[in-house]
Amino acid sequence: MTTPIFTESDLRAAIDRELPGVRADLERLVRIPGIAFDGFDHSHVERSAEAVAELLRDCSLDVRIVRSGGQPAVIGTRPAPPGAPTVLLYAHHDVQPVGDLALWESDPFEPVERNGRLYGRGAADDKAGIMAHVAALRAFGDALPVGVVLFIEGEEEYGSDSLEQLLSEHRDVLAADVMVIADSGNWDVGVPALTTSLRGLVNCFVEVRTGSHAVHSGMFGGAVPDALTALSRLIATLHDEAGDVAVAGLVSDGGTTVDYPEDRLRQEAGMVDGVSLIGTGRLTERIWLKPTMSVLGIDAPPTTGAPNALVPVAKAKLSMRLPAGQDPKRAYAALVEHLEKNAPWGARVTVTFEHDGNPISIDATGPMFDAARDAFRTAWDGVDPVDMGVGGSIPFIATFQEMFPDAAILVTGVEDPDSRAHGPNESLHLGEFARVCLAEALLLAKVAEAGAEPAR
Ligand code: BES
Ligand code: MN
């Protein structure tokens, strides 16, 4: 039996037919607050994995929920028709915490549409990624022309700590010629992109202790340092005057030719007027290819009710983003050395590791990348896709690439510059989402045409 050939117009019609159901299922997923972070109720992550498993079973995949000490991932497989390639489709079903609820205009876990966008935590990152895969599968019905392996991770937002173990335990079922990672975004509304680099990451905690207990700030202040001032001075050593990271020995990448207009960056990031940009070099270099250092939080007495006392201990959460070529373990070692060496006033500095992830840079040349660009161009009515980097991280990609070095890695996604992933009022542009779904269906058809060999 030969698999029927789907034309572009078949697939356009099929995606149009499937979109209402896909949207309804996306809303069902958004209602499940599956957060893998410590301190959250992980039964929701379990429910979310179940819901994803059900969606995949309905696409006639062979489905299992797997875990390796961490949160549940869902693997769904469907063998390739004879001679056809196998494509791995990746997304994650866990979401970020919602932060300050007061900043949300509507309940984060009750999806609502406003001005062509669907609002809710995970509506874009990355439940829409899951649904783009499901939409493509549904478009082909029983006549899927490629083999597929869906890998829907359950703790991506919390550092993918058990991922390596999980991938090695399921190595055999995960093998694929091509993989589509639907967890990035596009260049702008109306302009598609293929993501060709992502940064790695190291998160850690630094605790600074200057005393064994709090003491009266009037009695001892002036001679005895407080830990919050010491921590602030330590944090201040992490950047140089220009705002570049001042930790010695970190790798910097370079070489992008894409421009990101300063006005656009300021506006998209919501920068307050008069605040200067930090770092040096082309803006795309700074946000895609250079190391960064950010302070994500501080444990210290809240200002309301803070007594007149010298704070004996304070702790900050630090996060570094790292370019391709930088081993996160080495970057962490360099940071620890820097923090210990720069301890102000002899304060006791203790650094604790949280998690890390590898950066990735993709050589986006070859038939599969051409197929992806064609699919994008068609889905966006003739607009050429941009090759872009992103500053964020998807640790899965490097781990997968190590296991299957010959697979072509296509990083796609639904986000646009207004998606506000990780922030309040996260949303999905529904028009762009429809294009992402169509592009993925077109891509699978093209991959099938290109055949099993060669993968790249
Ligand atoms: N979808 C993002 C990755 C991303 C960020 C793609 C920006 C495109 C632009 C992903 O879900 C994510 O946020 N990952 C975490 C990983 C971390 C916990 C290791 C991140 O980058 O913070
Ligand atoms: Mn994501």
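Scroll up for the structure.
First, a word on scope: everything that follows refers to the structure included in this document. (Residues numbered from 1 in each chain as written. Chains lettered and ligands numbered in written order. Predicted model: local features only at pLDDT ≥ 70, side-chain atom pairs only at ≥ 80, totals over all residues. Heavy atoms only, no water.)

One finds L88, F151, F396 and F433 to be the most contacted residues of the largest nonpolar core, which totals 107 residues. Ranked by the residues each element gives to this core, the list is headed by helix α13 (residues 430–450), at 12 residues. Each of domain 1 (8–198 + 359–450) and domain 2 (200–254 + 278–357) accounts for three or more of the residues forming this core. Grouped together as the second largest cluster of nonpolar side chains are 28 residues, V202, L238, A334 and V349 included. (Core = buried A, V, L, I, M, F, W, Y, C linked by side-chain atoms within 4.5 Å. Buried < 20%, exposed > 50% of the residue type's maximum accessible area, 1.4 Å probe, protein only. Helix = DSSP H or I, 4+ residues; strand = E, 2+ residues; numbered from the N terminus. Domains from an automatic or database assignment.)

To continue, consider the sheet that holds strand β4 (residues 112–114). Pairing is antiparallel in the open sheet, where 3 strands are placed in the order β4-β5-β18. The outermost strands of the open sheet, each flanked by one partner alone, are β4 and β18 (427–429). Recorded for the sheet is a direction-independent mean angle of 30 degrees between the axes of neighbouring strands. As defined by bridge partners, β4 adjoins strand β5 (residues 117–119) across 3 bridges and the pair is classed as antiparallel. Note that in β5 the partner of R114 across the bridge is R117. Strand contacts of α13: β4, β5 and β18, with the helix running at about 65 degrees to β18, the strand carrying the most contacts. (Pairing = 2+ DSSP bridges. Axes fitted to C-alpha atoms, helices over the stretch in contact; angles between N-to-C directions. Contact = heavy atoms within 4.5 Å.)

Our focus in this paragraph is unusual backbone geometry. For the bond running from D125 to D126, omega is 10 degrees, close enough to zero to count as cis. For S60, which is not a glycine, the phi torsion comes out positive at approximately 60 degrees. Relative to the elements of secondary structure, S60 occurs in the loop between α2 (43–58) and β1 (62–66). Of note, N115 is a non-glycine position whose phi angle comes to about 50 degrees, a positive value. Examined against the element boundaries, N115 turns out to sit in the loop between β4 and β5. For N115, a relative accessible area of 79% gives the class exposed.

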